[in-house]
Amino acid sequence: MNLYLILFTTFFIQLIIAMEMNIIAPLAPYIANYFNIKDSYVLFFNIGFSLVGILVPFLGAFADKYGKKRSIVLALIFFVSGAMISGFSKLPRVFAIGRIFIGIGYFSLSGNCLSYLSEFVPYESRGKASGILRIAFGIAILFSPLYATSLIARFNNLISVYLPLGVIGIITLLLMLKLPETQRNDDIKVETKELVALLKKPTHFKALLIAFLFLATPLLLMSFLGIYLSNSHGFNQLSIGYAYTIIALGTMFGVVIAFFLTDKIGKEKLSKLSYGIVFSTLVVLMFLNNPYIIIGFMIFMSMGLDAGWTAYQTLLSEMEPEKRGTFMSLLYMVNAIAVTLYSLLGPIIYDLGGYKSLIIVSLVTNFIALKMLASMSLENIIYNRNKPPSN
């Protein structure tokens, strides 16, 4: 078993799926013009992308039953197919179908890559492995706008953006075929009651609810930042792009912090500290009006968000060792529900009270999540559940 090859392969899988997820927003004007549709309609491509994530737990259960390698290979086939369909599409509905395929691949791979790594990396060192995946995510966040816009400027077609992602997807698929399969669990049933049984456990439900609440901040504030800077402060498109790039530096700091500190100080402690930073930043943002100072503080917010999420999802990876793929796919189903729900509610909240109202909602959800996390010791629960019985 070559751990370095596993890390290399999963790193590039995480990179390409995160790149695709983050190119839609900067390319929205081009996509609208390319398909001759209204700019606001581009958001529907994201909703269709996220809705399919609700079905991903069935792929997680499939991974536990038949092997996580097989599940990743299947998800990569969906992703590569979707990239090719979207790249060559000439009609918006064809592009939407391609993104649905990509969505199936994205949400399945997001959960199963960490789940697959977890089978070969001990819990005590898993923070570094998770950190490597988050570094890939951070790189994608930082460079995906530049990657997409520069290729569009040179070639003026979607296939120039999607073809490289598809080629890398094929390469990682071939590499996966050389990697070992995980242990199968024939007792797992790929059906709804298996998922419901996990959700009925109070600790599991609270842990997933905490994740849902934490996701409000990035999904609301980052999605509407460009609109806010444009409407309230007159930023042009280039200036907005620079703002997102500067804030993405916090993402890189966050993943580096998670890489070095998750295993050292503890996954739960780092989660609490990181989201505590997010909460403090949100309090300050409530009283700021200068856009440049707001952007500066959002660097700290993004740092806390990514360090906290990396530590928290690593913590959850040990909640159900025998059904890890199923439970981690539930986490990404929650992610999909959050993307869909906050995408629908965001415009309503913004129209009612502007960007400040989004900050208030984020502040409240973050506070509730922190209170819930502080009321339960997940690491103690995991330790007591998984420790060997005494003689």
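Scroll up for the structure.
Here's a quick rundown of the structure. (Residues numbered from 1 in each chain as written. Predicted model: local features only at pLDDT ≥ 70, side-chain atom pairs only at ≥ 80, totals over all residues. Heavy atoms only, no water.)

Tallying secondary structure elements over the protein gives 16 helices and 0 strands in all. Relative to its length of 391 residues, the protein is compact, with a C-alpha radius of gyration of 20 Å against a globular reference of 21 Å. Projecting the C-alpha coordinates of the protein onto the three principal axes gives extents of approximately 70 × 45 × 35 Å. Counting every position in the protein, which comprises 391 residues, the buried fraction comes to 55%. (Helix = DSSP H or I, 4+ residues; strand = E, 2+ residues; numbered from the N terminus. Rg over C-alpha atoms; globule rule 2.2 N^0.38 Å. Buried < 20%, exposed > 50% of the residue type's maximum accessible area, 1.4 Å probe, protein only.)

Leu 109, Val 161, Tyr 162, Met 298, Met 301, Tyr 312 and Tyr 355 are the most contacted members of the largest nonpolar core, which has 111 residues in total. Top element by residues in this core is helix H15 (residues 324-374). It accounts for 20 residues. With residues up to four places along the chain from it excluded, the contact list for Met 298 reads Leu 221, Met 222, Leu 225, Ile 247, Leu 285 and Tyr 355. (Core = buried A, V, L, I, M, F, W, Y, C linked by side-chain atoms within 4.5 Å. Contact = heavy atoms within 4.5 Å.)

We now examine helix H13 (residues 267-285). For the α-helix, the turn length of 3.6 residues means that residues three or four positions removed from each other point alike. The end-to-end C-alpha separation of H13 is 27 Å, in line with the 27 Å expected for 19 residues at 1.5 Å each. Taken residue by residue, H13 has Lys 267, Glu 268, Leu 270, Ser 271, Ser 274, Tyr 275, Val 278, Thr 281, Leu 282 and Leu 285 as its buried positions. Angularly, the buried residues of H13 cover 160 degrees about the axis, an arc narrow enough to put them on a single face. (Expected span 1.5 Å × (residues − 1). Arc of directions from axis to C-beta.)

For the coordinates displayed, the defined rule picks out 13 aromatic pairs. On the basis of an interplanar angle of 55 degrees and a centroid distance of 4.8 Å, the ring pair of Phe 8 and Phe 12 is categorised as tilted. With a gap of 4 residues between them, Phe 8 and Phe 12 both fall in helix H1 (residues 3-21), about one helical turn apart. Ring centres of Phe 297 and Phe 300 lie 6.4 Å apart, and the angle between their planes is 50 degrees; this geometry places the pair in the tilted category. In this pair, Phe 297 and Phe 300 are both assigned in helix H14 (residues 291-316), 3 residues apart and thus about one turn of the helix distant. A residue is classified by how much of its surface remains accessible, and Phe 297, at 29% relative accessible area, is partly exposed. The class for Phe 300 is partly exposed, based on a relative accessible area of 46%. Members of the aromatic cluster, each reached through a chain of ring pairs, are Tyr 34, Phe 35, Phe 95 and Tyr 162. (Phe/Tyr/Trp six-rings, centres within 6.5 Å; stacked < 30°, edge-to-face > 60°.)

This paragraph deals with the pattern of salt bridges. This model, assessed by the stated rule, comprises 2 salt bridges. Its salt-bridge partner being Glu 20, residue Arg 99 comes within 2.7 Å of it at the nearest N-O pair. Here Arg 99 is found in helix H6 (residues 92-118), whereas its partner Glu 20 is found in helix H1, with 79 residues between them in sequence. Grouping residues by exposure puts Arg 99 and Glu 20 together as buried. (Salt bridge = Lys/Arg side-chain N within 4 Å of Asp/Glu carboxyl O.)

A few words on a nonpolar patch on the surface. Together, Leu 51, Ile 54, Ile 337, Leu 341, Leu 345, Ile 348 and Leu 352 make up an exposed nonpolar region whose accessible area comes to about 600 Å². Counting residues per element, the nonpolar patch draws most heavily on H15, at 5 residues. By secondary structure assignment, the location of Ile 54 is in the loop between helix H3 (42-51) and helix H4 (56-66). By relative accessible area, Ile 54 is classed as partly exposed at 32%. (Patch = residues over 30% accessible without salt bridge, like charges linked within 9 Å, V, L, I, M, F, W, Y side chains within 5 Å. Areas by Shrake-Rupley, 256 points an atom, 1.4 Å probe, with all protein chains shown as cover.)

Let us look at the packing of H1 against helix H8 (residues 159-176). Close contact between H1 and H8 brings their axes to 10 Å; oriented N to C, the two are set at 155 degrees. The orientation of H1 with respect to H8, classified from their angle, is roughly antiparallel. The two elements H1 and H8 cross, and the hand of that crossing is left-handed. Between H1 and H8, the contacting residues are Leu 5, Phe 8, Thr 9, Phe 12, Ile 13, Ile 16, Met 19 and Glu 20 on the first element and Tyr 162, Leu 165, Ile 168, Gly 169, Thr 172, Leu 175 and Met 176 on the second. (Axes fitted to C-alpha atoms, helices over the stretch in contact; angles between N-to-C directions. Parallel < 35°, antiparallel > 145°, perpendicular 65-115°, else oblique. Left-handed = near helix turned anticlockwise from the far one by under 90°.)

Right, let's talk about the packing of helix H5 (residues 68-88) against H8 for a bit. Running from N to C, H5 and H8 cross one another at 160 degrees; their axes reach a closest spacing of 8 Å. In this view, H5 runs roughly antiparallel relative to H8, as classed from their interaxial angle. Where H5 crosses over H8, the handedness of that crossing is left-handed. Of the residues in H8, those in contact with Lys 69, Ile 72, Val 73, Leu 76, Ile 77, Phe 79, Val 80, Ala 83, Met 84, Ser 86, Gly 87 and Phe 88 of H5 are Ile 159, Tyr 162, Leu 163, Leu 165, Gly 166, Gly 169, Ile 170, Thr 172, Leu 173 and Met 176. Tallied by class, the residues present in the contact of H5 with H8 amount to 16 nonpolar, 5 polar and 1 charged. (Nonpolar A, V, L, I, M, F, W, Y, C, P; charged D, E, K, R; others polar.)

Another aspect to go through is unusual backbone geometry. The backbone of Asn 36 shows a phi angle near 55 degrees, a positive value even though the residue is not glycine. Within the secondary structure, Asn 36 is located in the loop between helix H2 (24-35) and H3. For Asn 36, a relative accessible area of 71% corresponds to the exposed category. A positive phi angle is found at Asn 156, which is not glycine, with a value near 55 degrees.

This brings us to the environment of Phe 107. Mapping Phe 107 onto the fold places it in helix H6. What makes Phe 107 buried here is its relative accessible area of 1%. Measuring from C-alpha to C-alpha, the distance between Phe 107 and Ile 54 comes to 8.8 Å, with 53 residues separating the pair along the chain. Among all residues touching Phe 107, those that are not within four sequence positions of it are Phe 49, Ser 50, Gly 53, Val 56, Tyr 332, Asn 335 and Ala 336.

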